[in-house]
Amino acid sequence: MHEDQLRASAANIPRFDEIGVVARCQQDFQRASEFNAVLLAMAGHDLRQPLQVILDTFFLLGKSYRAGREREYIKRGELAIHRLTDQLDCLVDALRLHQRGMSIALSPVELAPLLDGLRWESAELAQQSDLTLRVCPTSAAVMSEAVLLGGILRNLVRNAIKYTRPGGRILVGCRRRGRDVCIEVHDTGVGIPPDQLSKVFDAFHRVDSTHSDGLGLGLFVVRRTVDMLGHRIEVRSTVGSGSCFSVLAVVPAPAGGRS
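Below or above, wherever it landed, is the structure these notes cover.

Reading guide: rules and limits
- Residues numbered from 1 in each chain as written.
- Predicted model: local features only at pLDDT ≥ 70, side-chain atom pairs only at ≥ 80, totals over all residues.
- Heavy atoms only, no water.
- Helix = DSSP H or I, 4+ residues; strand = E, 2+ residues; numbered from the N terminus.
- Buried < 20%, exposed > 50% of the residue type's maximum accessible area, 1.4 Å probe, protein only.
- Contact = heavy atoms within 4.5 Å.
- Salt bridge = Lys/Arg side-chain N within 4 Å of Asp/Glu carboxyl O.
- Expected span 1.5 Å × (residues − 1).
- Polar contact = N/O pair within 3.5 Å; in protein donor to acceptor, adjacent residues only side chain to side chain.
- Phe/Tyr/Trp six-rings, centres within 6.5 Å; stacked < 30°, edge-to-face > 60°.
- Axes fitted to C-alpha atoms, helices over the stretch in contact; angles between N-to-C directions.
- Left-handed = near helix turned anticlockwise from the far one by under 90°.
- Pairing = 2+ DSSP bridges.
- Core = buried A, V, L, I, M, F, W, Y, C linked by side-chain atoms within 4.5 Å.
- Disulfide = S-S within 2.5 Å.
- Arc of directions from axis to C-beta.

1. Brief notes about the overall build of the protein
- Of regular secondary structure, the protein possesses seven helices and seven strands.
- Shown N-terminal to C-terminal, the secondary structure of the protein runs as helices and strands in the order α-α-α-α-β-α-β-β-α-β-β-α-β-β.
- Residues counted as buried form 36% of the 259 residues belonging to the protein.
- Residue pairs in contact within the protein that sit at least 24 positions apart in sequence constitute 71% of those at least 6 positions apart.

2. Looking at the pattern of salt bridges
- On inspection of all chains with the given rule, the structure shows five salt bridges.
- Linking Asp227 and Arg223 is a salt bridge whose minimum nitrogen-to-oxygen distance equals 3.5 Å. Pair noted here: Asp227 and Arg223 are both in helix H7 (residues 218–229), with a separation of four residues, about one helical turn.
- Residue classification places Asp227 among the partly exposed residues on the basis of a relative accessible area of 47%.
- The exposure class of Arg223 is partly exposed, given its relative accessible area of 34%.

3. So, helix H6 (residues 146–162)
- Here H6 spans 24 Å end to end across 17 residues, near enough to the 24 Å set by a 1.5 Å rise per residue.
- Taking burial as the measure, the 17 residues of H6 include 14 buried ones, the bulk of the element.
- Where H6 begins, one side-chain oxygen reaches toward the backbone nitrogen of Val147, 3.1 Å away; that side chain belongs to Glu145.

4. Let's talk about the packing of aromatic side chains
- Considering all chains together, one arrives at one aromatic pair under this definition.
- An angle of 90° between the planes, with centres 6.2 Å apart, marks the rings of Phe201 and Phe245 as edge-to-face. Of the two residues, Phe201 is situated in the loop between strand E5 (180–187) and H7 and Phe245 in strand E7 (residues 242–250); the sequence distance between them amounts to 44 residues. The burial state of Phe201 is the same as that of Phe245; both residues are buried.

5. Describing the packing of helix H5 (residues 111–128) against H6
- Where H5 meets H6, the closest approach of the two axes is 10 Å, and the angle between their N-to-C directions is 35°. For the pair H5 and H6, the sense of crossing is right-handed. Counted together, Leu111, Leu114, Leu115, Leu118, Glu121, Ser122, Leu125 and Ala126 of H5 and Ala146, Leu149, Gly150, Leu153, Arg154, Val157 and Ile161 of H6 form the full contact between these two elements.

6. Quick look at the pairing of E7
- When you tally the buried positions in E7, you get eight out of nine residues, the bulk of the element.
- As defined by bridge partners, strand E6 (residues 232–238) adjoins E7 across seven bridges and the pair is classed as antiparallel. Its bridge partner being in E7, Ser237 is matched across the sheet by Ser243.
- In sequence, E6 turns back onto E7 through a hairpin of three residues, with Gly240 there showing a positive phi of about 85°.

7. Observations regarding the nonpolar core
- Formed by 36 residues in total, the largest nonpolar core has its most connected members in Leu111, Leu149, Ile152, Leu156 and Val222.
- Contributing elements (two or more residues each) for this core: H5, H6, strand E4 (169–177), E5, H7 and E7.
- A total of eight residues in this core trace back to one element, the largest contributor, which is H6.
- If we ignore the near neighbours within four places in the chain, the residues touching Leu111 are Thr138, Ala140, Ala141, Val142, Leu149, Cys174, Val181 and Ile183.
- Residues Leu55, Ile81, Leu88 and Val92 belong to the second largest nonpolar core, which totals five residues.

8. Focus on the state of the cysteines
- Scanning the model with the defined rule gives zero disulfides in all.
- Here Cys174 is not cross-linked by a disulfide; its sulfur's nearest cysteine counterpart is in Cys182, at 8.3 Å.

9. Some thoughts on H7
- Helix length check: H7, at twelve residues, gives a terminal C-alpha distance of 17 Å against a target of 16 Å (1.5 Å per residue), a fit within 8%.
- The set of residues buried in H7 consists of Gly218, Leu219, Val221, Val222, Thr225, Val226 and Leu229. Along the axis of H7, the buried residues cluster in a sector spanning 155°; they form a single face.
- Trailing H7 by a residue or two, Gly230 shows a phi angle of about 75°, which is positive.

10. So, unusual backbone geometry
- The phi dihedral of Asp130 falls on the positive side, at around 60°, and the residue is not glycine.
- Along the chain, the position of Asp130 falls in the loop between H5 and strand E2 (132–135).

11. With respect to the sheet that holds E6
- Read across the open sheet, the five strands follow the order E2-E4-E5-E7-E6; overall the sheet is mixed. Every interior strand has two partners, whereas the edge strands, E2 and E6, have only one. Each strand of the sheet is rotated relative to its neighbour by a mean of 15°, with strand direction disregarded.
- In the packing of H5 onto the sheet, contacts are made with E2, E4 and E5, and the angle to E2 comes to roughly 175°.

Here's what the structure looks like:
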């Protein structure tokens, strides 16, 4: 073998120090993944639990003070806790998205229990906002990942609650569209101007500048999650009348493999 060829071949052989660097990088990545998992568990349970205790305390105090300045302060406290909970959920969703980004396995997901849980989670917030929340029953199933799909729908419903005035209505339901199931969240809220429709999924974007109590990440996380799951999302809206966000996911193949 020619001397130059020997040098080239030797240059391609990893040195021991390079192998050590790779091993250390792998260890650092593993530790980072474990750290993210710990943060996710803390944010998802350890931090949310005391927030719920505080919220229940405010609720009981509110029964004692139905008018006056004390009641006003209690109401402000409740709203602040709801905002903090929403922001925490948004960060948890973003962290969960990052953690599962490389290993998402789709499987058949029954939508009925998912929507029942969504109704239970959102009922109190809708009631406190003087809104009517209706979730239509369904027997549909889709190919998805239950936790991530639940996060998508939770963000969409909370967004609807945020931008719907007291006395308004929110409707969640499913319909078949070809090989897809279309999961829709309708509201009678403020609506989205046509020039804002292409921006609603941008990070830190807010449709209504008067609603400055969030991080502006909810719909951004929704879009990223939808893309990672291979679903589609559509939005249509009329200013002053409301909006409809639709998530489209493929139905599971029937037994036998035929579609």
